[in-house]
Amino acid sequence: MNNLLLETKKFFLTKQKTIISSAAVVGVMILISRLFGFLRYRILAGYFNKSELDIFFASFRIPDFVFEILITGAVSSAFIPIFIKYQKNQDRVNENISSIINIISLIFFGFVIVLYIFADNLIPLMTPGFSGEKIQIIINYSKILLIGQLPFMIFASFLTGLGHANKIFILSAIAPIAYNVSIIIATILFADKLHLIAPIIGVIAGSFLLFITQIPLMFNSGFSYLPILKITKGLKEFFGMIVPRVITVLSAQIDATVDLVLTSLLGAGSYTIFYLAQHLQLLPVSILGISFGQAALPYLSEVYQDKKFDEFKKLIIDSILSIFFLTIPIMSFFLFARTPLVRLFFGGDKFDWDATVQTALTLSYFALSIPLHSIYYFITRCFYAFLDSKTPFYTSIFAILVNILLSTYFIFILKLPVWSLGISFSISITLNVLLLLYFLAKRLKGLNIKLMVIESIKILSATFITSFFVYWEMKLLDGLIFDTTRTINVFYLLSTGAISFLIFYALLSWMIEVKEIKIIFDFIKKAKFYKKRVVEIYTDVE
């Protein structure tokens, strides 16, 4: 039994040795977490109609605003490089990281106090199309989340940062599962009596679980917390890095708030349609793009610090092509299978057919951005690796302005419905990534763009041919074999299509010599060794 406990602890706190293994671990765990997240959305859609869900999702706008600025803006961009820079000196890492944690915490509590006081004035400005009763409920729920959810989320993110800096990814990737399960259970048990307050209770309980689950990361990080506020060199470097990043995230949050304003003017349920379509598009982006970006930063920082510039450039091209190899076919699948995907993930009792069609159409426009949106997170980490957060800042500000202008033009001038916001997002993220690639190549004095273009054309060719055949296969199966009026048959249809797509795409990629398919096969061979090792461990325990 003791051996089992030791091996379990070792598994959760294992340090990954390569980007591929780290990205695979994070990707698999994010996949599981996201699936629970979409189960959460489906259950919410079964208990509440799209107008009621407008209230629930809009209640997160202010708490998300604070979280994104402090965590996405600060911790994700600068915390890990600073930790890695000073980790060889125990006293300096303790002093620097403790000072960073303490000052961010003080800023956080200041944010909470100010926003709690002014929530009554801010939320009506953010939801001009909602009724007075709806707005008041959003105000009340936002205040509850500011106090009950946000502190746990902030401190959990510090623990996640410590884990990632030490290349420990499994535990921090598992923790969000507990968060989603908590919301699901609270909704099922209490929604009939407590209505929308039930999932709010689940959010608070889940945030607490998210925090306590990751506490072991602190004790395994080699870092000792100190209750100090000291102006250290690391603290100055931290703020030098985060200022542009925080402004970028602030702009992105303003952009997200503009989306809420615009959708609130399009009628009841429009924000829910936008929100769900955007989050379904984020499923592959999170699993492949964000996980790869999270896993890559420690390695990129080390390679750059060691001045291995040729290796650094090769790592960039190989990583981008690996992401393209996985995300371009997913983009295509999301385009032609959009309606069954929406039915599977969100087809609750109260999510009507009109909502399904509108969400599917919106999803298709968001899906166009999946490949470039996925590599965005990796490319920004390349800049963070050499402590440059200004370049991503400038390109993001430009892209955000484009998105806001296009969204406003589509809604107010062209009078287009909610799906037009998906178009404006895809255009803006494409411009952002192209600019980042240009400046990255310039900074590194050249990248192997020719290889990237040739391999990308191969991937697109394999995707197009595969998509043509799988689309018609699913059209024939829908109704002829599967009665898709039932959800289980929608699942079977999508599973059959996805398996066919995977097999045909892999064969075509092998035939036209897409080099990424060989990398995948090599990784699978290595995975067999780890499977054998797991069997040996549990055999010894028995």
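Please read these numbers as outputs of a predicted model, since none were measured by experiment. (Residues numbered from 1 in each chain as written. Predicted model: local features only at pLDDT ≥ 70, side-chain atom pairs only at ≥ 80, totals over all residues. Heavy atoms only, no water.)

## Considering the overall build of the chain
Put simply, the rule is: Numbering goes from the N terminus for both helices and strands, where a helix is a DSSP run of H or I of at least four residues and a strand is a run of E of at least two. Relative accessibility under 20% of the residue-type maximum defines a buried residue, over 50% an exposed one, and the middle range a partly exposed one, all with a 1.4 Å probe and only protein chains included. Contact criterion: two residues are considered in contact whenever any of their non-hydrogen atoms come within 4.5 Å of each other.
Within the chain, the secondary structure is distributed over 21 helices and zero strands. Split into buried and exposed, the 542 residues of the chain put 54% on the buried side. Partitioning the contacts of the chain with sequence separation of at least 6, the portion at a separation of at least 24 is 86%.

## Quick notes on a nonpolar patch on the surface
Rules: Candidates for patches are residues over 30% relative accessible area with no salt bridge; among them, like charges are joined within 9 Å and nonpolar side chains (Val, Leu, Ile, Met, Phe, Trp, Tyr) within 5 Å. Using a 1.4 Å probe, accessible areas were evaluated by the Shrake-Rupley method; residue-level cover was limited to the displayed protein chains. The term salt bridge refers to a side-chain nitrogen of Lys or Arg lying within 4 Å of a carboxyl oxygen of Asp or Glu.
The grouping of I113, V114, I117, F118, L122 and L125 at the surface amounts to a nonpolar patch, some 580 Å² of accessible area in total. Position of V114 relative to the elements: it lies in helix α5 (residues 90–126).

## Description of empty space enclosed by the protein
Put simply, the test is: Of the two site types, the cavity is a set of points on a 1 Å grid over the protein atoms alone where a 1.4 Å probe fits but cannot get out, and the pocket is an open set with protein on both sides within 12 Å along at least five of seven lines, each lined by residues with an atom within 4 Å of a point. Grid points are joined across faces, edges and corners, and a volume is the space filled by probe spheres set on the points.
The final tally for this structure, using the stated rule, is three cavities of 30 Å³ or more. Taken as a whole, the second largest cavity encloses approximately 60 Å³ of empty space. Looking at the second largest cavity, the residues that line it are P81, I82, I84, K85, S301, Q305, A385 and L387. Elements with a minimum of two residues in the lining of the second largest cavity: α4 (61–86) and α12 (270–305).

## Focus: the side chain of S251
Position of S251 among the secondary structure elements: in helix α11 (residues 233–264). On the basis of relative accessibility, which here comes to 15%, the residue S251 falls in the buried class. Beyond its immediate stretch of four places on either side in the chain, S251 contacts I397 and I400.

## Examining the confidence of the model for the chain
Selection criterion: Residue-level confidence of the predictor, termed pLDDT, takes values from 0 up to 100.
Overall, the predicted model of the chain reaches an average pLDDT of 84, with 88% of residues at or above 70. The low-confidence segment residues 4–13, where pLDDT is below 50, has twelve contacts with residues more than four positions distant or belonging to other chains. Confidence over residues 526–542 falls short of pLDDT 50; this stretch has four contacts with residues more than four positions distant or in other chains.

## A few points about the pattern of salt bridges
Considering all chains together, one arrives at eight salt bridges under this definition. The closest approach of N and O atoms between K134 and D54, which form a salt bridge, is 3.6 Å. Linking K134 in helix α6 (residues 132–148) with D54 in helix α3 (residues 50–58), this pair joins segments that are 80 residues apart in sequence. Bridged by salt links that share partners, the residues K314, D318, K515 and E516 form one connected network.

## Here we look at the environment of F38
Along the chain, F38 falls in helix α2 (residues 19–47). Spatially, the C-alpha atoms of F38 and N180 are 8.9 Å apart, while their sequence positions differ by 142 residues. Residue contacts for F38: discarding those within four places in its chain leaves H279, L280, L283, F345 and F346.

## Regarding the nonpolar core
Definition in use: Here, nonpolar core refers to any group of buried Ala, Val, Leu, Ile, Met, Phe, Trp, Tyr and Cys residues whose side-chain atoms link them within 4.5 Å.
Residues I97, L280, F378 and I379 are the most contacted members of the largest nonpolar core, which totals 149 residues. Here the element with the most residues in this core is α12; it accounts for 17 residues.

## Remarks on helix α7 (residues 150–165)
Note on helix geometry: an α-helix contains 3.6 residues per turn, so any two residues three or four positions apart are oriented the same way. Rules: Between the first and last residue of a helix there are one fewer steps than residues, each counted as 1.5 Å, and that sum is the expected span.
Over its 16 residues, α7 extends 23 Å from the first C-alpha to the last, a length consistent with the 22 Å expected when each residue adds 1.5 Å. When you tally the buried positions in α7, you get 14 out of 16 residues, the bulk of the element.

## A look at the packing of α3 against α6
For any two helices packed against each other, the geometry is given by the interaxial angle and the distance between the axes. Our working definition: Axes here refer to lines fitted to C-alpha atoms; in helices the fit is confined to the stretch in contact. Angles between the N-to-C directions go from 0 to 180 degrees. By definition, turning the near helix anticlockwise from the far helix through less than a right angle yields a left-handed crossing, and turning it clockwise yields a right-handed one.
Contact pair α3 / α6: the axes reach a minimum separation of 8 Å and the direction vectors enclose 35°. In this structure, α3 crosses over α6, and the sense of that crossing is right-handed. Only K134, I137, I138 and Y141 of α6 make contact with α3, whose side of the interface consists of S51, D54, I55 and A58.

## A closer look at helix α8 (residues 170–194)
Heads up, the condition is: To get the bend at a residue, fit one axis to the 7 residues ending there and another to the 7 starting there, then take the angle between the axes.
Here α8 spans 35 Å end to end across 25 residues, near enough to the 36 Å set by a 1.5 Å rise per residue. I188 marks where α8 bends most, by close to 45°. A positive phi of about 55° marks H195, the residue just after α8.

## A look at the layout of surface pockets
As a reminder, the rule being used: Gly is placed with the polar residues, together with every amino acid not listed as nonpolar (Ala, Val, Leu, Ile, Met, Phe, Trp, Tyr, Cys and Pro) or charged (Asp, Glu, Lys and Arg).
In this structure, the second largest pocket occupies an estimated 280 Å³ of space. F336, T339, P340, K475 and D478 are the residues nearest the centre of the second largest pocket, which is lined by 13 residues in total. Within the residue set of the lining of the second largest pocket, elements represented by two or more residues are α14 (338–346), α19 (449–480) and α20 (487–511). Class assignment of the residues belonging to the lining of the second largest pocket gives a composition of seven nonpolar, two polar and four charged.

## So, the packing of aromatic side chains
Convention followed: The rule is short: rings of Phe, Tyr and Trp, with Trp giving its six-membered ring, pair when the centres are within 6.5 Å, and they are stacked under 30 degrees, edge-to-face over 60, tilted in between.
What the rule picks out here adds up to 38 aromatic pairs. Aromatic side chains Y41 and F57 sit 5.9 Å apart centroid to centroid with 70° between the ring planes, which places their arrangement in the edge-to-face category. With Y41 in helix α2 and F57 in helix α3, this pair connects stretches of sequence that are 16 residues apart. Where F393 meets Y394, the ring centres are 5.1 Å apart and the plane angle is 50°; that geometry is what we call tilted.

## What to know about the environment of F83
Structurally, F83 can be placed in helix α4. Between the C-alpha atoms of F83 and A165, which are 82 residues apart in sequence, the distance is 6.6 Å.

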